[in-house]
Amino acid sequence: MSIETTRKKVRTVVFPVAGLGTRFLPATKVIPKEMLTVVDKPLIQYAVEEAREAGIEHFVFVTGRGKGAMEDHFDLAFELDATLQARNKLAEIELLKESRLLPGTSSFVRQQEPLGLGHAVWCARDIVGDNPFAVILPDDLVHAEKGCLAQMVEAYEQVGGNIVAVENVPREDVYRYGVLSPGAEKGALVEVKGLVEKPKVEEAPSTLSIIGRYILQPGIFSILEKGQRGAGGEIQLTDGMAQLIGGAPFHGLRFDGTRYDCGDKVGFLHANVAYGLARPDIAAKFGPALKGFLAGKL
Ligand code: G1P
């Protein structure tokens, strides 16, 4: 792959959002899990805003049945907008604006069967075309001064190729992640020598694990096309990425920020507390209330 190809601008993001969200039933019986809110904003909107901050121009949602609320969420809510305009509710009008995607900047495709993350990403191939692209898993919420994907795009402009966001996890948790065989380190970048999806604790090459942020070259699509099954019998993105190693540069980025696993109830509650406390309008009351709660005064 030529240097030129590896340095094309990252314009498109893919959100794999077809999952059933069974860990959050009954909340997710009718509502997509990506519409669950941290404080007052759906997880998927945090993901869209992080992508926007990173300069992304086109947003691809790989959805499934029952996920229509997301498409509505990013549309113009005409009646609501008109009512707020008539009542001169400026702050609320602004909030609605932030939750809109401009006409022609989003695409929705369906992953018709739950065949794995690699398959979900492959479903976006026609829209992404022959271009580098980003992937964000909205379950992984990253609280950071500069968005995690913006940090990755900055690194990408230096080194090109493929980049995954990584952090060390406790050794007993590696079986839940894609794990790196790390090579040379340069600043926050770690060369990726190998990748293994959901290894057994005793077989993990390190504790450096992928969180849900990727910048990938389009060569991944022809690999995923083969439909090879990996961990859990699924078509794994990590296995596809492993086959990219040795071609274009491949790095892990130790990002600045705190990641909350919102696919897990405890992580989700933790995120709500952290984001609540980071919001000046809420922290003034919530902070003391939380302190009182922790001190046993309900
Ligand atoms: C997916 C990926 C895994 C990655 C993780 C990050 O796993 O397959 O490589 O480390 O996301 O959250 P999942 O959480 O969908 O099981």
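Calculation criteria
- As a convention, each chain's residues are numbered from 1 in the sequence order in which they are written.
- Per-residue local features of the predicted model are confined to residues with pLDDT of at least 70, and side-chain atom pairs are confined, for both listing and counting, to 80 or more; whole-chain, interface and lining totals are unaffected and use all residues.
- Values reported for side chains reflect all heavy atoms of the structure, with hydrogen atoms and water molecules removed beforehand.
- A molecule or strand has a residue near it when one of that residue's heavy atoms lies within 4 Å.
- N or O atoms within 3.5 Å of each other form a polar contact, as long as, within protein, one can give a hydrogen and the other can take it, and as long as residues adjacent in sequence are counted only when both atoms are side-chain atoms.
- Areas reported here follow the Shrake-Rupley algorithm with a probe of radius 1.4 Å; residue values treat only the protein chains shown as occluding.
- Segments assigned H or I by DSSP are reported as helices when at least four residues long, segments assigned E as strands when at least two residues long, and all are numbered from the N terminus.
- Ten residue types, Ala, Val, Leu, Ile, Met, Phe, Trp, Tyr, Cys and Pro, are classed as nonpolar, four, Asp, Glu, Lys and Arg, as charged, and the remainder, Gly among them, as polar.
- Working definition: with a 1.4 Å probe on protein chains only, accessible area under 20% of the residue-type maximum means buried, over 50% means exposed, and in between means partly exposed.
- We call two residues in contact whenever any of their non-hydrogen atoms come within 4.5 Å of each other.
- Aromatic rings from Phe, Tyr and Trp, taking only the six-membered ring of Trp, are treated as a pair when their centres fall within 6.5 Å; an angle between ring planes under 30 degrees marks them as stacked, one over 60 as edge-to-face, and anything in between as tilted.
- Definition used for salt bridges: Asp or Glu carboxyl oxygen within 4 Å of a side-chain nitrogen of Lys or Arg.
- Helix span, as expected, comes to 1.5 Å for every residue beyond the first.
- In this analysis the local bend is the angle between axes fitted, respectively, to the seven residues ending at and the seven residues starting at the residue.
- Orientation is described by axes fitted as lines to C-alpha atoms, over the contacting stretch for helices, and by angles from 0 to 180 degrees between their N-to-C directions.
- With respect to orientation, any angle under 35 degrees is reported as roughly parallel, any angle over 145 as roughly antiparallel, any angle of 65 to 115 as roughly perpendicular, and every other angle as oblique.
- Should the near helix be turned counterclockwise from the far one by less than a right angle, the crossing is left-handed, whereas a clockwise turn marks it as right-handed.

### Quick word on the site of the ligand
Neighbouring the ligand are 14 residues, the closest being Asp140, Gly178, Glu197, Lys198 and Ile210. Between the ligand and the protein, one listed contact pairs an oxygen atom with a side-chain N or O atom of lysine 198 at 2.7 Å. Within the contact set of the ligand, an oxygen atom lies 3.2 Å away from a side-chain nitrogen or oxygen of threonine 238. The fraction of the free accessible surface of the ligand (380 Å²) that becomes covered by protein chains is 75%. Considering every element that reaches the shell around the ligand, the biggest residue donor is strand 11 (residues 208-216), with four residues. Looking at the shell around the ligand, its residues break down into six nonpolar, four polar and four charged.

### Quick word on the side chain of arginine 259
Along the chain, arginine 259 falls in strand 13 (residues 258-261). You can call arginine 259 buried: its relative accessible area is 15%. One polar contact links arginine 259 to aspartate 140, side chain to side chain, over a distance of 2.8 Å. Engagement of the side chain of arginine 259 in a polar contact is seen with the side chain of tyrosine 177, the distance being 2.9 Å. Excluding its chain neighbours within four sequence positions, the residues that come into contact with arginine 259 are Asp140, Leu141, Val142, Glu167, Tyr177 and Ile211.

### Some words on the packing of aromatic side chains
Summed over the entire model, instances satisfying the criterion amount to seven aromatic pairs. Between tyrosine 46 and tyrosine 275, the ring centres sit 5.2 Å apart and the planes meet at 80°, which makes this aromatic pair edge-to-face. Highlighted residues: tyrosine 46 in helix 2 (residues 43-53) and tyrosine 275 in helix 11 (residues 265-277), separated in sequence by 229 residues. A relative accessible area of 9% means that tyrosine 275 is categorised as buried. Each ring, one from phenylalanine 61 and one from phenylalanine 74, has its centre 5.6 Å from the other, and the planes form 40°; the classification is tilted.

### Remarks on unusual backbone geometry
A cis amide bond, omega 5°, links leucine 25 with the succeeding residue proline 26. Checked against the element boundaries, proline 26 lands in the loop between strand 1 (12-16) and strand 2 (37-38). Look at asparagine 88: it is not a glycine, yet its phi comes out positive at around 55°. By secondary structure assignment, the location of asparagine 88 is in the loop between helix 4 (78-86) and helix 5 (90-98).

### Some thoughts on the pattern of salt bridges
Scanning all chains against the criterion turns up 15 salt bridges. In this structure, glutamate 57 engages lysine 9 in a salt bridge whose closest nitrogen and oxygen atoms are separated by 3.7 Å. Taken together, the residues span a long stretch of sequence, with glutamate 57 in the loop between helix 2 and strand 4 (58-63) and lysine 9 in the loop between helix 1 (3-6) and strand 1 at a distance of 48 residues. Taking the relative accessible area as the measure of exposure, lysine 9 reaches 47% and is therefore partly exposed. Ionic pairing is found between glutamate 49 and lysine 41, a salt bridge with its closest N-O pair at 2.7 Å. Note on glutamate 49: relative accessible area 22%, which makes it partly exposed.

### Looking at helix 12 (residues 280-294)
In this model helix 12 runs 20 Å from its N-terminal to its C-terminal C-alpha over 15 residues, within 8% of the 21 Å that 1.5 Å per residue would give. Along its length, helix 12 reaches its greatest deviation from straightness, about 35°, at phenylalanine 286, and the proline proline 288 lies no more than four positions downstream. Of the residues making up helix 12, those classed as buried are Ala283, Gly287 and Gly292. Where helix 12 is buried, its residues contact helix 11. Two residues or fewer past helix 12, glycine 296 is found with a positive phi of approximately 90°.

### Quick look at the packing of helix 4 against helix 5
Their axes nearest at 9 Å, the elements helix 4 and helix 5 cross at an angle of 155°. In this view, helix 4 runs roughly antiparallel relative to helix 5, as classed from their interaxial angle. Between helix 4 and helix 5 the crossing geometry is left-handed. Contacts between helix 4 and helix 5 involve Leu80, Asp81, Leu84 and Gln85 on the former and, on the latter, Glu92, Ile93 and Leu96. Counted by class, the contact of helix 4 with helix 5 contains four nonpolar, one polar and two charged residues.

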